[in-house]
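Per-entry structural report
Each chain, letter by letter, is given below.
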Amino acid sequence: QISPRDHLYISSGISLIFYYYFQSVLGTIGFLLGGVLIDLDHLVEFYKFSEKKFSAKNFVEFFDLLYYKKAYVVFHSYELLMLGLLAGFRLDWPLYSTGLFIGYSVHLLCDAVYNCIHPLFYFFTFRLIKGFDTRVLYDFDRLKSRQIRR
């Protein structure tokens with residue numbers, strides 16, 4: 001699985017390109033926020049399913065070992081991405097919203113490509129219909145094969 005740290009590195013690198021191209025500090029901050037803070041929704045699963053006290057180590061371990069049974073991740077959603085797209089058009093695409101939208105999109109794209117998930121995972125409605133059940137939403141065979149290769 002791709003980690004929040006990976007998203008920080010990816011977003012930081014691409015935000016430099018964003019800044020170079022647009023010369024906008026607000027747009028670059030928006031890009032970083034969209035690319036990284038989306039992972040705050042993982043806190044719901046940690047607090048709901050983990051029996052450990054919160055720490056960065058426990059948080060990362062919790063997700064690496066897939067201790068959670070439900071995948072709510074409400075910010076990881078193509079529906080929200082579409083709302084962001086509509087809001088951007090409505091707001092006439094100020095650079096901060098452009099950065100936020102592109103950062104958010106890059107985050108979802110990296111997750112969709114790298115994570116071992118059902119192809120429809122990032123549709124919130126699909127997760128809702130499937131009861132947010134990780135047994136249905138994750139490809140555990142692929143996950144196990146990746147962990148063996150580490």
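None of the values given here were measured: they were computed from a predicted structure. (Residues numbered from 1 in each chain as written. Predicted model: local features only at pLDDT ≥ 70, side-chain atom pairs only at ≥ 80, totals over all residues. Heavy atoms only, no water.)

What about helix 3 (residues 42-49)?
- Of all the positions in helix 3, only His42, Glu45 and Phe46 are classed as buried. End-on, the buried residues of helix 3 take up no more than an arc of 100 degrees, which puts them together on one face. In helix 3, the exposed positions that point more than 90 degrees away from the buried face belong to Tyr47 and Lys48.
- Contact partners of the buried residues in helix 3: helix 4 (56-64). (Buried < 20%, exposed > 50% of the residue type's maximum accessible area, 1.4 Å probe, protein only. Helix = DSSP H or I, 4+ residues; strand = E, 2+ residues; numbered from the N terminus. Arc of directions from axis to C-beta. Contact = heavy atoms within 4.5 Å.)

Description of the side chain of histidine 42
- Its location among the elements puts histidine 42 in helix 3.
- For histidine 42, the residues in contact, after removing those within four places along its chain, are Phe59, Phe63, Val73 and His76.

Here's the deal with helix 4
- Buried within helix 4 we find Asn58, Phe59, Phe62 and Phe63. Down the axis of helix 4, the smallest arc covering the buried residues is 125 degrees, so these residues share one side. Of the exposed residues in helix 4, the ones pointing more than 90 degrees away from its buried face are Ala56 and Lys57.
- Among the structural elements, helix 1 (4-22) and helix 3 are those in contact with the buried residues of helix 4.

Focus on unusual backbone geometry
- Despite not being glycine, glutamine 23 has its phi angle at roughly 55 degrees, a positive value.
- Position of glutamine 23 relative to the elements: it lies in the loop between helix 1 and helix 2 (25-36).
- Judged by its relative accessible area of 52%, glutamine 23 falls in the exposed class.
- Positive phi, close to 20 degrees, is recorded for valine 73, a residue that is not glycine.
- With respect to the helices and strands, valine 73 occurs in the loop between helix 4 and helix 5 (78-90).

Thoughts on the packing of helix 1 against helix 2
- Close contact between helix 1 and helix 2 brings their axes to 9 Å; oriented N to C, the two are set at 160 degrees. With respect to their mutual orientation, helix 1 and helix 2 come out roughly antiparallel. Note on packing geometry: the crossing formed by helix 1 with helix 2 is right-handed. Here His7, Leu8, Ser11, Ser12, Ile14, Ser15, Phe18 and Tyr19 of helix 1 come into contact with helix 2, specifically with Val25, Gly27, Thr28, Phe31, Leu32, Gly35 and Val36.
- The residue makeup of the contact of helix 1 with helix 2, split by class, is 8 nonpolar, 7 polar and no charged. (Axes fitted to C-alpha atoms, helices over the stretch in contact; angles between N-to-C directions. Parallel < 35°, antiparallel > 145°, perpendicular 65-115°, else oblique. Left-handed = near helix turned anticlockwise from the far one by under 90°. Nonpolar A, V, L, I, M, F, W, Y, C, P; charged D, E, K, R; others polar.)

Describing the state of the cysteines
- Taken as a whole, this structure holds 0 disulfides when the rule is applied.
- Take cysteine 110: it sits in no disulfide, and the sulfur closest to it among the cysteines is that of cysteine 116, at 14 Å.
- For cysteine 110, a relative accessible area of 18% translates into the label buried. (Disulfide = S-S within 2.5 Å.)

So yeah, pure geometry; function would need other evidence.
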